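Next come the chains, spelled out residue by residue.
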Amino acid sequence: MDTPQHVAIIMDGNGRWAKKRKLTRLAGHKEGINSVKKAIEAAIRNKIPYLTLYAFSSENWNRPKEEVNGLMSLLHGFLEKELKLLIENKIQLKTIGRIHELPKATHKLIVESKEKTAHFDQLTLTIALNYSSQNEIIDAVKRIIQEERESTINLEELTYPKIASHLDTKDLPDPDLIIRTSGEYRLSNFLLLQSAYAEIYTSPILWPDFNQSHFTTALEHFAQRERRYGKIS
Ligand code: FPP
């Protein structure tokens, strides 16, 4: 089977999952953590070297304060509890997004967890936190302008790979497969440039119900796709 090198997931539907059960939205996010662990296991089992998860978008700050705080503490708890699992499985943790704007203690924990796993290569797990493709592009443009001022970059010679090397994803290959759960058909400001040639698969399953067999189904769909990159068959 043609396996993708990089799978990126828009984990959607936690709120609806909770609503159906008359639970709080936060209970849905909490359940979503189990699916995060299942997705990591599925990536390892299927020998996928790069897995990227969209956990918190820059727009998510506009949700009720209680939900935002709850999500931050779930993330903090995940890192505290699961760092051992990352190390045991030789998983390198990376992030994309403006993590310096996260709560101080969580930011510190993220930086430390990334340092402790930086040498692993069984799986690169990237978590998108306070991420927005548009903000990522703004930050890249600012860096390029700064380098131009310092004469370390020549704008006449600017190429797409040069721009890509200034994005948060500079050390990652572009995603081959983007999975979005909960039956929605949007990219929601996620990896907009990087997904230029990604295959998109949407699953009707709500994220807390998304398990290893749903992940395998997405991979089977991917294997059926013909990737032409603008060429003909
Ligand atoms: C979208 O569902 C999901 C989120 C905004 C948060 C995703 C977070 C997690 C799964 C837990 C934390 C993750 C990690 C990596 C530790 P929604 O709330 O928009 O659902 P709805 O559309 O049904 O309301």
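Use the structure listed above.
To keep things clear, this report deals only with the structure shown in the data block. (Residues numbered from 1 in each chain as written. Predicted model: local features only at pLDDT ≥ 70, side-chain atom pairs only at ≥ 80, totals over all residues. Heavy atoms only, no water.)

A cluster of nonpolar side chains, namely Ile137, Val141, Ile145, Tyr160 and Leu193, defines an oily patch on the protein surface of about 370 Å² accessible area. Top contributing element to the nonpolar patch by residue count: helix 5 (residues 133-149), with three residues. Among the secondary structure elements, Val141 is positioned in helix 5. (Patch = residues over 30% accessible without salt bridge, like charges linked within 9 Å, V, L, I, M, F, W, Y side chains within 5 Å. Areas by Shrake-Rupley, 256 points an atom, 1.4 Å probe, with all protein chains shown as cover. Salt bridge = Lys/Arg side-chain N within 4 Å of Asp/Glu carboxyl O. Helix = DSSP H or I, 4+ residues; strand = E, 2+ residues; numbered from the N terminus.)

Now for the nonpolar core. Judged by nonpolar contacts, the single largest core of 41 residues is most densely connected at Val7, Ile9, Leu51, Leu125 and Phe215. No other element matches helix 3 (residues 65-88), which puts nine residues into this core. Contacts of Leu51, omitting those with residues within four sequence positions, involve His6, Val7, Ile9, Ala39, Ile40, Ala43, Leu123, Thr124, Leu125, Thr126 and Phe215. Listed in part, the ten residues of the second largest apolar core include Ile96, Ala128, Tyr131 and Ile178. (Core = buried A, V, L, I, M, F, W, Y, C linked by side-chain atoms within 4.5 Å. Buried < 20%, exposed > 50% of the residue type's maximum accessible area, 1.4 Å probe, protein only. Contact = heavy atoms within 4.5 Å.)

Here we come to empty space enclosed by the protein. Scanning all chains against the criterion turns up one cavity of 30 Å³ or more. Looking at the largest cavity, its volume works out to about 40 Å³. In terms of lining, the largest cavity is formed by Ser58, Gly97, Arg98, Asn130, Tyr131, Ser132, Asn135, Glu136, Asp139 and Asp168. Breaking the lining of the largest cavity down by element, the ones donating at least two residues are strand 4 (123-131) and helix 5. The biggest single contributor to the lining of the largest cavity is helix 5, with three residues. (1 Å grid on protein atoms, 1.4 Å probe; cavity = no way out; pocket = protein on both sides within 12 Å on 5 of 7 lines; lining within 4 Å. Points joined across faces, edges and corners; volume = space filled by probe spheres on them.)

Within the structure shown, the criterion is met by six aromatic pairs. Here Tyr54 and Tyr131 contribute two aromatic rings whose centre-to-centre distance is 6.0 Å and whose plane-to-plane angle is 80 degrees, an arrangement assigned as edge-to-face. Taken together, the residues Tyr54 in strand 2 (residues 50-57) and Tyr131 in strand 4 connect sequence positions 77 residues apart. Each member of the pair, Tyr54 as well as Tyr131, is classed as buried. Taken together, a centroid distance of 6.1 Å and an interplanar angle of 85 degrees make the contact between Tyr131 and Phe190 edge-to-face. Placement of Tyr131 in strand 4 and of Phe190 in the loop between strand 5 (177-180) and strand 6 (199-202) is noted, with a sequence separation of 59 residues between them. Here Tyr131 and Phe190 have matching classes, each one buried. (Phe/Tyr/Trp six-rings, centres within 6.5 Å; stacked < 30°, edge-to-face > 60°.)

This part takes up unusual backbone geometry. In the Ramachandran plot, Asn189 falls in the positive-phi region, its phi being about 65 degrees despite a non-glycine side chain. Its location among the elements puts Asn189 in the loop between strand 5 and strand 6. One non-glycine residue, Leu191, adopts positive backbone phi at about 45 degrees. Inspection of the secondary structure assignment puts Leu191 in the loop between strand 5 and strand 6. In this structure Leu191 comes out as buried when scored by relative accessible area, which is 1%.

On to the layout of surface pockets, then. The volume enclosed by the largest pocket comes to roughly 680 Å³. As for the largest pocket, its lining consists of 31 residues, of which Met11, Asn14, Tyr54, Ala55 and Phe56 are closest to the centre. Counting residues per element, the ones that place at least two in the lining of the largest pocket are helix 1 (14-20), helix 2 (25-45), strand 2, helix 3 and strand 4. Grouping the amino acids of the lining of the largest pocket by side-chain chemistry returns 16 nonpolar, nine polar and six charged. (Nonpolar A, V, L, I, M, F, W, Y, C, P; charged D, E, K, R; others polar.)

Turning our attention to the site of the ligand. Neighbouring the ligand are 16 residues; Met11, Gly15, Arg16, Arg25 and Arg63 lie closest to it. Arg25 is positioned such that a nitrogen or oxygen atom in its side chain is 2.8 Å from an oxygen atom of the ligand. Note that an oxygen atom of the ligand is positioned 2.8 Å from one of the side-chain N or O atoms of Arg63. Across the complex, the protein chains shield 91% of the 630 Å² of accessible surface that the ligand would expose by itself. Mapping the ligand onto the cavity grids shows that it belongs to the largest pocket. (Near = heavy atom within 4 Å. Polar contact = N/O pair within 3.5 Å; in protein donor to acceptor, adjacent residues only side chain to side chain. Sits in = over half its atoms within 2 Å of the grid points.)

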